[in-house]
Amino acid sequence: MSGTSYALNKILTTVARQHVMKDALSDDDLAGHDLNDEERAALKAGDITRLYHLGANPYLIRRVFRSRFPI
Amino acid sequence: MAEIVAALATSHAPLITGRPEVSMPERRDRLYGGFHELHRRLTAARPDLIVLFVNDHIQNFPYSNMPAFCIGLAEAYDAPSPGGARLMRIPARRVRGAPEWGMALLESGLAAGFDFAYSYEIESWDELSVPLHFLTPEGQVPVAPVYTNCAAPPLPTPRRCHEVGAFVGTFIRSRPTRERVALLATGGISHWVGTPETGRINPEFDRRVLDHVARADIEPLVRLTHAEIERDGGNGGQEIRNWVALLGAVPGWKGEVLAYEPVAEWITGCATVWVHP
């Protein structure tokens, strides 16, 4: 991980607390969050590898995008 | 005086109970056997309280306020909650806390230079639920958790975790009570969770950790850096901080590995360890 993205971890924490697993986040999920283009694209694609490299916490990635993991 | 009557270390993973059918039956049975033997020994030790060295998985502590060490002061803990129970496939229950004991530890820590955070409400996950499901199925022993940040870097160093554990041990032994206290550390050993390497396990790292624990050879463990653990044990391997803290509380005590199984289907190198005086 190159660093921590507070913006990504904040939105992933919000979504994780809804206890709903997602394949990808929607514009509604992203509304009101201060994210850059790369972060928005990765969230909307449910790109778990990209999110990791952008600084999202892996535990949060796993909780939100559980269905994206083969195991 | 209060007394430490037992010390145990185990892995925690929601799939240990949540997906028992996907592991190789002999691996599952050996690991469950380790848990059952720990349960038998713990019961025989008749603890009045279980002090837990555990970690949050960003269920509770958000990036807006992340404690390195946090003492639980809750009256009770969901272990698991109804939602967690469905995933972990174990009965939902409330396990009694020990808030007065936790407050005494907190105040003693602050006086001694251990600046613990504290929380009156913690939503536990597998760190309490899975081990306690096996170890106190009756749920009659109150628990006092000490949470260490193992999941949201930067993390406290293993050496600091060892010092915190040593303080907790000293605190317990100085209590002017006849409490019989069990220590339980949960987490680890190697696992990669939520990273691009999710599912990887490193049995070599696990056996190295277990070997140090078996010989009470703590120095190589406290010297481990975050980067070394991440490389060899994965982000989940950072949870060995909880084991290191426990070993700090019982200097010289040696681990007896009852079971070790690298269970790929549970994405965790799983161990059950009884720690002897």
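Just above sits the structure.
Treat the numbers as computed from the prediction; the structure is a model and nothing was measured.

Concerning the sheet that holds strand E3 (residues 69-72) of chain B
Residue and element names in this part refer to chain B. The sheet built from eight strands is open, its strands ordered E6-E3-E7-E2-E8-E1-E10-E9 with mixed pairing. Each end of this open sheet is capped by a strand with a single partner; those strands are strand E6 (117-119) and strand E9 (254-263). Taking the axes of each pair of neighbouring strands and ignoring which way they run, one obtains an average angle of 20° across the sheet. Taken together, the five bridges between strand E2 (residues 49-54) and strand E7 (residues 143-148) define a ladder with parallel strand orientation. Within E7, the position partnered with Phe53 by the bridge is Val146. Where helix H7 (residues 203-214) meets the sheet, its contacts fall on E9 and strand E10 (268-276), and the angle it forms with E9 comes to roughly 170°. Set on the sheet, helix H10 (residues 240-249) makes contact with strand E1 (3-10), E2, E7, strand E8 (180-186) and E10; between it and E8 the angle comes to about 155°.

Some words on the pattern of salt bridges
By the definition in use, this model includes 23 salt bridges over all chains. With a closest N to O distance of 2.6 Å, Lys44(A) and Asp27(A) form a salt bridge. In this pair, Lys44(A) is assigned in helix H3 (residues 37-45) and Asp27(A) in helix H2 (residues 27-30), connecting sequence segments 17 residues apart. Residue class for Asp27(A) comes out partly exposed when judged on its relative accessible area of 47%. Linking Arg208(B) and Asp232(B) is a salt bridge whose minimum nitrogen-to-oxygen distance equals 3.3 Å. Of this pair, Arg208(B) sits in helix H7 while Asp232(B) sits in helix H9 (residues 226-237), and the two are 24 residues apart along the sequence. A residue is classified by how much of its surface remains accessible, and Arg208(B), at 31% relative accessible area, is partly exposed.

What about the packing of helix H2 (residues 25-45) of chain B against helix H5 (residues 126-135) of chain B?
All names here are of chain B. As a packed pair, H2 and H5 sit with axes 8 Å apart at the nearest point and diverge in direction by 65°. Considering the angle they form, H2 stands roughly perpendicular to H5. Packed against H2, whose contacting residues are Tyr32, Phe35, His36, Leu38, His39 and Leu42, the element H5 presents Pro131, Phe134 and Leu135 at the interface. Residues of the contact of H2 with H5, tallied by class, amount to seven nonpolar, two polar and no charged.

The rules we used
Residues numbered from 1 in each chain as written. Chains lettered and ligands numbered in written order. Predicted model: local features only at pLDDT ≥ 70, side-chain atom pairs only at ≥ 80, totals over all residues. Heavy atoms only, no water. Pairing = 2+ DSSP bridges. Helix = DSSP H or I, 4+ residues; strand = E, 2+ residues; numbered from the N terminus. Axes fitted to C-alpha atoms, helices over the stretch in contact; angles between N-to-C directions. Contact = heavy atoms within 4.5 Å. Salt bridge = Lys/Arg side-chain N within 4 Å of Asp/Glu carboxyl O. Buried < 20%, exposed > 50% of the residue type's maximum accessible area, 1.4 Å probe, protein only. Parallel < 35°, antiparallel > 145°, perpendicular 65-115°, else oblique. Nonpolar A, V, L, I, M, F, W, Y, C, P; charged D, E, K, R; others polar.

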